[in-house]
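Observations on the model geometry
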Amino acid sequence: MPAFAFHTYKSQVMHMKQIRKKAFLPALLLISLSVTGCANNEDGRSASDNPDYDLTQVSNKSEISQEIANQAKRTILKKQEVIGARAVNTSDQLLVAIEIRQMDRFRLKKLEKNITSDLEKKFKDKKVTVSTDKKIYLELDELESRLQTKDVSEQKLDKETNRIKKLISDEA
Amino acid sequence: MMFFWAFVVGGLICVIGQLMFDILKLTPGHTLSILVVIGALLDGFGLYEPLIDFAGAGATVPITSFGNSLVHGAMQEADQHGLIGVVTGMFEMTSSGITSAIIFGMIGAILFKPKG
Amino acid sequence: MTSNKQTNQEYKQFAKQRETKRPILKNCIRAFLVGGLICTFGQLISTFYIHFFHFTEQNVGNPTVATLIFFTMLLTGFGLYDKLAQFAGAGSAVPVTGFGNAVISAAIEHRAEGFVLGVGGNMFKLAGSVILFGVFSAFVIALIKTLLIQWGVL
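This is a predicted model, so every value here is computed, not measured.

**A look at the interface of chain B and chain C**
Tallying the contact residues gives 64 residues for chain B and 64 residues for chain C. Summed over the three residues of chain B that lose the most area to chain C, namely Phe7(B), Val61(B) and Phe112(B), the buried surface amounts to 13% of that side. Where chain B touches chain C, the interface holds 0 salt bridges. Our count for the contact surface shared by chain B and chain C stands at 9 residue pairs in polar contact (both at pLDDT 80 or more).

**Here we look at the sheet that holds strand 2 (residues 93–100) of chain A**
All names here are of chain A. Taken together, 3 strands build an open sheet; the order of strands is 1-2-3 and the sheet is mixed. Whereas interior strands pair on both sides, the edge strands pair on one side only; in this sheet they are strand 1 (82–89) and strand 3 (127–131). Ignoring strand direction, the axes of neighbouring strands in this sheet form an average angle of 20°. Relative to strand 2, strand 1 is paired through 7 bridges, and the arrangement is antiparallel. Counterpart to Ala85 in the pairing with strand 2 is Ile98. Together, strand 1, strand 2 and strand 3 form the strand contacts of helix 4 (residues 134–149), whose direction differs from that of strand 1 by roughly 55°. Contacts between helix 5 (residues 154–169) and the sheet are confined to strand 1, strand 2 and strand 3, with strand 2 contributing the most and set at about 50° to the helix.

**Section: helix 3 (residues 48–55) of chain B**
Because each turn of an α-helix spans 3.6 residues, side chains separated by three or four positions end up pointing in the same direction. Taking burial as the measure, the 8 residues of helix 3 of chain B include 7 buried ones, the bulk of the element. When we look at burial in helix 3 of chain B, the residues that qualify are Tyr48(B), Glu49(B), Pro50(B), Ile52(B), Asp53(B), Phe54(B) and Ala55(B).

**Here we look at the layout of surface pockets**
Approximately 660 Å³ is the volume found for the second largest pocket. Along the walls of the second largest pocket sit 29 residues, with Asp82(C), Asn101(C), Ala102(C), Ser105(C) and Leu126(C) positioned nearest its centre. Elements with a contribution of two residues or more to the lining of the second largest pocket: helix 2 (28–44) of chain B together with helix 2 (61–77), helix 3 (80–88), helix 4 (90–93) and helix 5 (96–109) of chain C. Broken down by element, the lining of the second largest pocket gets its largest block of residues, 8 residues, from helix 5 of chain C. Grouping the amino acids of the lining of the second largest pocket by side-chain chemistry returns 14 nonpolar, 10 polar and 5 charged.

**Describing a nonpolar patch on the surface**
All names here are of chain B. Together, Ile34, Ile38, Leu41, Leu42, Phe45 and Leu47 make up an exposed nonpolar region whose accessible area comes to about 530 Å². With respect to the secondary-structure elements, Ile34 resides in helix 2. A residue is classified by how much of its surface remains accessible, and Ile34, at 35% relative accessible area, is partly exposed.

**Some remarks on the environment of Ser65(B)**
All names here are of chain B. Inspection of the secondary structure puts Ser65 in helix 5 (residues 64–81). Expressed as a C-alpha distance, the spacing of Ser65 and Asp43, which sit 22 residues apart in the sequence, is 9.0 Å. When sequence neighbours within four positions are dropped, the list of residues in contact with Ser65 reads Tyr48, Ala59 and Thr60.

Reading the values: rules and limits
Going along each chain's sequence as written, the residues are numbered from 1 onward. Labels follow written order: the first chain is A, the first ligand is 1, and so on. Local features are withheld for residues below a pLDDT of 70 in this predicted model, meaning they are given only at 70 or higher, and side-chain atom pairs are given and counted only at 80 or more; totals for whole chains, interfaces and linings count all residues. The side-chain numbers reported here are obtained from all heavy atoms of the structure, hydrogens and water having been left aside. Contacts: residue pairs with any heavy atoms within 4.5 Å of one another. Buried area, as used here, totals the accessible surface that two parts lose on assembly, with accessibility defined by a 1.4 Å probe and the loss added over both. Within this document, salt bridges are pairs made up of a side-chain nitrogen of Lys or Arg and a carboxyl oxygen of Asp or Glu, the two lying within 4 Å of each other. Under the rule applied, a polar contact is a pair of N or O atoms within 3.5 Å (in protein, one hydrogen donor and one hydrogen acceptor; residues adjacent in sequence only if both atoms are side-chain atoms). Two strands pair under a simple rule: DSSP has to find at least two bridges between them. Labels follow the DSSP assignment, with helices taken as runs of H or I lasting at least four residues and strands as runs of E lasting at least two, numbered in each case from the N terminus. Angles shown run from 0 to 180 degrees and are taken between the N-to-C directions of axes, each axis being a line fitted to C-alpha atoms and, for helices, limited to the stretch in contact. Only protein chains enter the accessibility calculation, which uses a 1.4 Å probe; a residue whose area is less than 20% of its type maximum is buried, one above 50% is exposed, and one in between is partly exposed. Grid points spaced at 1 Å over the protein atoms alone were grouped into cavities, where a 1.4 Å probe fits but cannot get out, and pockets, open sets with protein on both sides within 12 Å along at least five of seven lines, with lining residues defined by an atom within 4 Å of a point. Grid points are joined across faces, edges and corners, and a volume is the space filled by probe spheres set on the points. In this classification, Asp, Glu, Lys and Arg are treated as charged, Ala, Val, Leu, Ile, Met, Phe, Trp, Tyr, Cys and Pro as nonpolar, and every other residue, Gly included, as polar. Surface patches are drawn from residues lacking salt bridges whose relative accessible area is over 30%; two like charges belong together within 9 Å, two nonpolar side chains (Val, Leu, Ile, Met, Phe, Trp, Tyr) within 5 Å. In these tables, accessible area is a Shrake-Rupley quantity obtained with a 1.4 Å probe, and a residue counts as shielded only by the protein chains included in the view.

Fair warning: the whole summary comes from geometry, so function is off the table for now.
Put into structure tokens, the structure is as follows:
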């Protein structure tokens with residue numbers, strides 16, 4: 001009998017420990033969720049509810065108009081799977097990087113293909129390259145802001161786009 | 001968001017391994033071998049790449065990705081060189097895991113003394 | 001007396017129930033937490049390489065794995081990975097760090113037998129089967145898939 005009593009006490013303690021652990025797990029998930037949520041909002045430029053906010057206003061300083069790139073971004077951001085876009089165009093090229101909503105990332109390759117063919121149809125005179133890679137997104141983001149603030153020569157822009165294109169094709 | 005899903009997917013793959021330990025009573029060697037074969041099979045059906053796109057390191061860090069990248073390297077070479085590519089391309093993408101295990105194993109053996 | 005016997009039996013049954021049920025759930029939670037954390041750490045390393053070096057999401061896997069195995073070497077050498085494995089079970093065995101630990105711990109353990117016979121001969125004692133079955137199954141799968149593509153089935 002005493003052994004039994006002892007065991008129930010022990011198992012109760014165990015049980016309580018388990019309960020505590022059970023409560024601990026959702027709490028952990030909640031914390032990580034909220035943390036990642038905050039991190040997401042930090043990039044205000046990719047807010048999906050206000051697509052116009054995402055457009056680079058290109059100053060006249062740049063030699064090459066970024067009107068095509070802006071148009072491309074406007075088209076892409078209409079899709080609900082896309083939560084962010086960066087684009088740069090040269091005289092014959094159009095480079096686009098997109099960020100896809102997390103739950104649609106299972107179809108990443110398919111979406112990439114669809115968007116590429118959409119853009120190719122729309123901008124027939126440009127060579128279109130679309131990437132969903134985070135690295136390309138960062139690179140194009142940097143290039144965009146440089147176009148915005150500084151005077152970038154056509155030569156320099158060509159050089160940069162070629163470098164980024166090489167980075168994209170390396171992944172295949 | 002990527003970090004959260006890496007945690008969940010990676011954790012779940014480990015839970016599958018744990019269930020194979022506890023319920024099927026398999027040794028770690030058997031479990032890991034089966035997981036690698038599962039990873040290879042999933043890539044054969046084209047299902048592992050979407051998982052990597054979704055969960056990032058949650059899918060590339062577990063050992064299942066070893067099977068995935070073996071098949072992937074082999075298929076890539078096979079596309080270019082036909083059947084012989086299946087043999088020659090196998091370690092094209094996986095090399096770093098095995099290479100670094102060998103190198104750091106050797107360095108570890110030089111640096112550390114065995115315990116007990 | 002009979003009631004005592006009965007409770008005894010009940011107790012045994014009760015204990016058996018608890019014993020077979022409890023550890024699996026507990027082990028799974030531990031495996032989930034530790035395995036998840038290792039993968040999150042891998043994601044952190046990947047993000048670092050993408051932001052500060054010229055790696056894309058596609059090819060960042062290789063340096064990430066190498067870095068993780070480097071940390072595994074340190075943990076294994078200081079005897080910490082064993083302790084982690086006792087706590088986490090599959091949570092530390094299933095990620096590549098488990099593969100690295102199998103290779104590195106075998107290398108360190110057999111060092112006394114010399115570098116050729118000891119380290120070289122035993123390095124893949126545990127990890128060898130993973131490589132064998134990985135490579136062979138990948139070979140069969142890739143072969144079938146290539147043949148199916150060539151015959152126009154896929």
